[in-house]
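Coordinate analysis (summary)
Listed here are the chains, written in short residue letters.
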Amino acid sequence: MEIYEILAWAIIGLPLASFGLQLAFGKRLPRQGDWLPTGAIWLSLILGIVLFVKVIVLEYDPHFLKQYSYLWFGGAGMMEFHFGFHIDNLTAVMVMVVTIVSALVHLFSIGYMHGEDCYDRYFAYLSLFSFSMLLLVLCDNLFVLYITWELVGVSSYLLIGFFFWKTSAANACMKAFLTTRVGDVFMFLGIMLVVREIGLLNYSKVFDAVAHGQLNGTLLTIAAVCLFGGAVGKSAQFPLHVWLPDAMEGPTPVSALIHAATMVAAGVYMVGRLFPIFSASHEAMLVIAYIGLITAFFAATIAITQTDIKRVLAYSTVSQLGYMITALGVGAFTAGLYHLMTHAFFKALLFLGSGSVIHALHSQELPDMGGLKKKLPITWATMLIATLAISGVPFFSGFGSKDAILAGALAFGMENPSHMPIFIGLWLAAGVTAFYMFRLIFLTFYGEPRVPEKFAHAHESPSVMTIPLITLAALSVLGGFGLYGGLWFNHLIVAPAAAHAAEGAAEHGGEHSEHFAHYLAMVLSIIVALSGIFLSYLVYYKKKISAESWAVKLRPLYDLSFHKYWVDEFYDKTAIRFLLWIRMVFARFDNKVIDGLVNITAPGLRGTSTFSGAWDKYVVDGLVNLLAIATQIAGAASTLIQSGVIQNYILKASLAAGAVLLLHNYIIRLFA
Amino acid sequence: MNIGIEHYLVVSIILFLLGVFIVSTRRNGIRVLMGIELILNAANLNLIAFNRFSPSASANGSVFAVFVIILAAAEAAVALAIVLAIYQQFSTVHLEEISSMKH
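So, how was this worked out
- Residues numbered from 1 in each chain as written.
- Chains lettered and ligands numbered in written order.
- Predicted model: local features only at pLDDT ≥ 70, side-chain atom pairs only at ≥ 80, totals over all residues.
- Helix = DSSP H or I, 4+ residues; strand = E, 2+ residues; numbered from the N terminus.
- Rg over C-alpha atoms; globule rule 2.2 N^0.38 Å.
- Buried ≥ 20, exposed ≤ 12 C-beta atoms within 10 Å, placed from the backbone.
- Contact = placed C-beta atoms within 7 Å.
- Core = buried A, V, L, I, M, F, W, Y, C linked by C-beta atoms within 7 Å.
- Nonpolar A, V, L, I, M, F, W, Y, C, P; charged D, E, K, R; others polar.
- Axes fitted to C-alpha atoms, helices over the stretch in contact; angles between N-to-C directions.
- Parallel < 35°, antiparallel > 145°, perpendicular 65-115°, else oblique.
- Left-handed = near helix turned anticlockwise from the far one by under 90°.
- Pairing = 2+ DSSP bridges.
- Expected span 1.5 Å × (residues − 1).
- pLDDT = per-residue confidence, 0-100.

With that out of the way, let us pick up the overall build of chain A. Within chain A one finds 27 helices and two strands. Taking 672 residues into account, the globule formula puts the C-alpha radius of gyration at 26 Å, and chain A, at 35 Å, lies well above it. Dimensions of chain A, computed from the C-alpha atoms along their principal axes, are close to 135 × 65 × 55 Å. The burial tally for chain A puts 49% of its 672 residues in the buried class. Considering only intrachain contacts with a sequence separation of at least 6, the fraction spanning at least 24 residues in chain A is 80%.

Rendered as C-alpha cells:
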C-alpha cells in the first residue's frame, strides 16, 4: 500500500472506530469518553497535515492525482460498484479544512457541552459526522458520494435534534432532513442519468466520457441541473435554504462544524468536484450562477433585521454559500473553492464565538447583549477578526477570496454584458454583508449592557473554548495568504482541463481583461466593504442614524426582510398544506375504503376460521389421538410377553424353535 | 426287530422334550437343574447314536459325549452353588419368587 492509501484509510478509519467505540462504551468510559472521539479526530488532523504537506508542499503539482479503487460488489453481468479514494490537491485541502475545524470544534464542545444530558452520545455523533464528511471528500465515485451525502445528512439530523425534548429542535431536525431530501432526490436522478448514459460511476471515467461527448446536449444539462439540485439542498441555496436558519436549534459547536464550515460546503465541494460535468453545459452553469446570486443577495438582506445572533450568522452562511456557488457558476473555480476554505475558518470562528457569548449570557437574542467587550475580551477580539475577514477588509482572508469571486464575476460580465447583474448583485451583497456583520459586533460587544442582570453574570469561557477561537482567528488571517501573488492555492487548485475545452468561462477572458477585472474588482470591493462598515458604525455605534425610524419609514422593506421574504409562510401555505391535504385524503381513503373492505371480509374469514378450527380439533387431533391410543394398546400388549420369568422365556423360545422346525419347509419356500 | 438309528433318536427326543417340560414347568430350581441334565443327556444320546451309525471309523461323537458329561458335572457344581447362594439370600428356591431384578 502506498503512503496516500494508508493515510486515507487511517483518516476515515479513526473517526469511524471512535464512533463505534463511543456508541458502545461511551457511558462507561471516564469523562463519558469525550477524549476518545476528540483524540481520534486530532490524530486524523495530524494525518491530514501529513497528507497536506505531502501533496501540497512536497509534490506542488497542479495535476497531482492518486486513485485507489477496490471492487465493492457487482461485476459478473451487473454493474460494478467500487469503493475508492480520489486524492488530488482539492482533496488534500478539503481534508485539511474538515479535520482542522472538526478537531477544534471537538475541543470547544468539551467546554460548551459540559454537563448536558447525553454528553457521550453527542461526541459519538460528532465522530460519525467527521467520518462521513472525510469520506465524502476522499471518495472517488458518485455512488459513495451519494452514500456519504446522506450520511452527513443523517448526522446533521441527529445533531440538530440533539436537544430533542425541545419541540422546536425536533421540528427543525425534521425540516432540515426533509428539505435536503428534496435536493437529494434530484441529485439521485442526476446520478441515475449519468449511469444510464455512461454506465460508470468513477469520477475520472465519467469526466472522460463527458469530454468525449457520451453525455451531451439537453440530457447533459438536465443531468447537471439535477446534480446541482443536491447542492441546492445541502448548501441551503434558494429555494431550499429554509432549513439552515432553523438548524440553529442544534448545539452551537454543531452549527459551527456542520452548518457553517463543512457540511453545507459539501454542495460547493460537489459542484467543484464534478466541475467537468457542469462546465460542459453552458445553461447549467448559468442556472448555478443565478441561483447562487439570488441566494447571496437575498439571504444577506434577511440577515440585516434578524435579532437572534445565530440566525444572523445562519443567513450570513447562506449568503456566503451563494457566493461560492455563483463563483463556480461563472467559472471562477479557484476563487469559489478558496472562499470555501477561508469561509470555513472565519465562519466556524464566528459560530464558536457566538457560542462563547451564548455560554456566557445564556441568551442568543441580540437585544439582550451589548457592552460585552470588557467581559469577553478574547471572544471579542477573535470575533472582530472573523468579522473583518467576512466583510472583505484587506489583509484578512475573506478579502482575498471574496475579491477573487468578484473579479471572476466581473470578468464574466465584461465578456457577456447581459450577465453583468451577477457582478452588481454580488457587489451590493458584499456591502450588505459588511453592514450586518458589524451590526452584530456593535450590538453584541459595544454600547451599554441592555440587560444588566444577565451582563453581571457573564464571564469569559474556559481555555478549552478560547484556544479553538484563537487558532481559528489565526487561520482567518493567515488563510488569506494563499491567493496573493499567485501563491499555492492559485497554482494548485485549477479548474479541470475539460472545462477549458468545453465551454467558455472567465478563463477565456484573456490575461489582460482578467487583470483589469481583478484590480477594478479589488478597488470596488474595498469601497463597498468600507462603506458598509461605516454605515453600520453610524447606525449602531454613533447612533447618528436611528435604525428604528428607518425601519418605520421603510416598513414594507423591513417587513420583507424581517419575515424572511415570507418563504417559510409560502411553503407553509402551499407545499406543506398540500401535503397535509393529501395526507388527509389518504387517511380518509384508508379509513373508509380500505377499512371498509377489511370489515366486509371479516365475517367470511371468521366463518372459514371456525370451520378450519373444528376440522383441526376433531379430525386432525382425532387422528393423532387415535394413533396414540393404538400405540398405547400395542405397548401394553407387548409388555405381557416380557414376564421376567425365565421359564416362560424358555418355553416361548422352545415353542418358537419347534414351530420353525415344523414349518421350515414353508419358510424356505417363502424366500425361494 | 432291527434296532436302527431312528429308535435312538426317538428316545433322545422324548428325553429332550421331558427335559424342556421340566425346565419350563417346575418351580423348584433344583428340579429345573435336573431338567437341564435330561436335555444334556438327550444330546449325549444323539451324539453316541450318530457316532455308532456313521460310516467313518473315528470316535469324535464319543469324545464329544465325554466332554458334555464333564461339562454337565461342572455345570451342576456351579449351578448348585448358585442355588445355595440364592437360598441364603431369599430363603427359597422357588424361581418366580426370585424376581427382584425384574423391577
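Still to come is the rest of the account.
Helix and strand content of chain B: three helices and zero strands. Seen in sequence order, chain B has helices and strands lined up from the N terminus as α-α-α. Against the 2.2 N^0.38 benchmark of 13 Å for 103 residues, chain B shows a C-alpha radius of gyration of 17 Å, more extended than a compact globule. Seen through its principal axes, chain B has C-alpha atoms that stretch 55 × 25 × 20 Å. Residues classed as buried in chain B amount to 12% of the 103 residues present. Considering only intrachain contacts with a sequence separation of at least 6, the fraction spanning at least 24 residues in chain B is 49%.

What follows concerns the nonpolar core. All names here are of chain A. V271, A348 and L426 are the most contacted members of the largest nonpolar core, which totals 204 residues. Ranked by residue count, the leading element in this core is helix α15 (residues 333–361), at 17 residues. If we ignore the near neighbours within four places in the chain, the residues touching V271 are F228, A231, F278, I288, I325 and L328.

Facing seven residues of chain B, the contacting portion of chain A comprises seven residues. Partitioned by chemical class, the residues of the side of chain B that touches chain A number three nonpolar, two polar and two charged.

Let's shift gears to unusual backbone geometry. With the exception of glycine, the majority of residues adopt a negative phi angle, and the majority of peptide bonds are in the trans configuration. All names here are of chain A. Looking along the chain, the bond that leaves F238 and enters P239 is cis, with omega of 5 degrees. By the secondary structure assignment, P239 is in the loop between α8 (217–234) and α9 (243–246). Located in the positive-phi region is Y60, a residue other than glycine, with phi close to 50 degrees. Relative to the elements of secondary structure, Y60 occurs in the loop between α2 (35–59) and β1 (65–75).

The description of two helices packed together rests on the angle between their axes and the distance between the axes. All names here are of chain A. Two elements in contact, α15 and helix α17 (residues 397–415), have axes whose closest approach is 8 Å; the angle formed by their N-to-C orientations is 155 degrees. In this view, α15 runs roughly antiparallel relative to α17, as classed from their interaxial angle. Considering only the axes of α15 and α17, their crossing is left-handed. Together, T334, A335, G336, Y338, H339, T342, F345 and F346 of α15 and S397, G398, G400, S401, K402, A404, I405 and G408 of α17 make up the contact between the two elements. Looking at the contact of α15 with α17 residue by residue, the classes come out as six nonpolar, nine polar and one charged.

Let us look at the pairing of strand β2 (residues 78–88) of chain A. Where β1(A) meets β2(A), 10 bridges bridge the pair, whose relative direction is antiparallel. Within the sheet, the bridge partner assigned to G74(A) lies in β2(A) and is E80(A).

Attention shifts here to the environment of V23(B). Its location among the elements puts V23(B) in helix α1 (residues 5–25). Look at V23(B) and you get buried, because 21 C-beta atoms sit within 10 Å. Distance from V23(B) to I36(B), taken between C-alpha atoms, is 6.7 Å for residues 13 residues apart in sequence. Ignoring sequence-local partners within four residues, the contact set of V23(B) consists of Q647(A), I650(A), V32(B), G35(B) and I36(B).

Residues and elements named next belong to chain A. Between its first and last C-alpha atoms α8 spans 26 Å; for 18 residues at 1.5 Å apiece the expected length is 26 Å, and the two agree. Most of α8 is tucked away, with 13 of its 18 residues classed as buried. The first or second residue beyond α8 is A236, which carries a positive phi of 55 degrees.

Residues and elements named next belong to chain A. Running from N to C, helix α10 (residues 252–261) and helix α11 (residues 263–273) cross one another at 20 degrees; their axes reach a closest spacing of 3 Å. Relative to α11, α10 is oriented roughly parallel. On the side of α10, the interface is formed by I258, H259, A260 and A261, while α11 contributes M263, V264 and A265. Class assignment of the residues belonging to the contact of α10 with α11 gives a composition of six nonpolar, one polar and no charged.

Turning our attention to the confidence of the model for chain A. All names here are of chain A. Within chain A, residue pLDDT values average 85, and 96% of them lie at 70 or more. Looking at the elements of chain A, mean pLDDT is at its lowest for helix α22 (residues 497–502), recorded as 45, and at its highest for helix α4 (residues 119–138), recorded as 92. pLDDT under 50 marks residues 498–511. Its contacts with residues more than four places away, or in other chains, come to 35 contacts.

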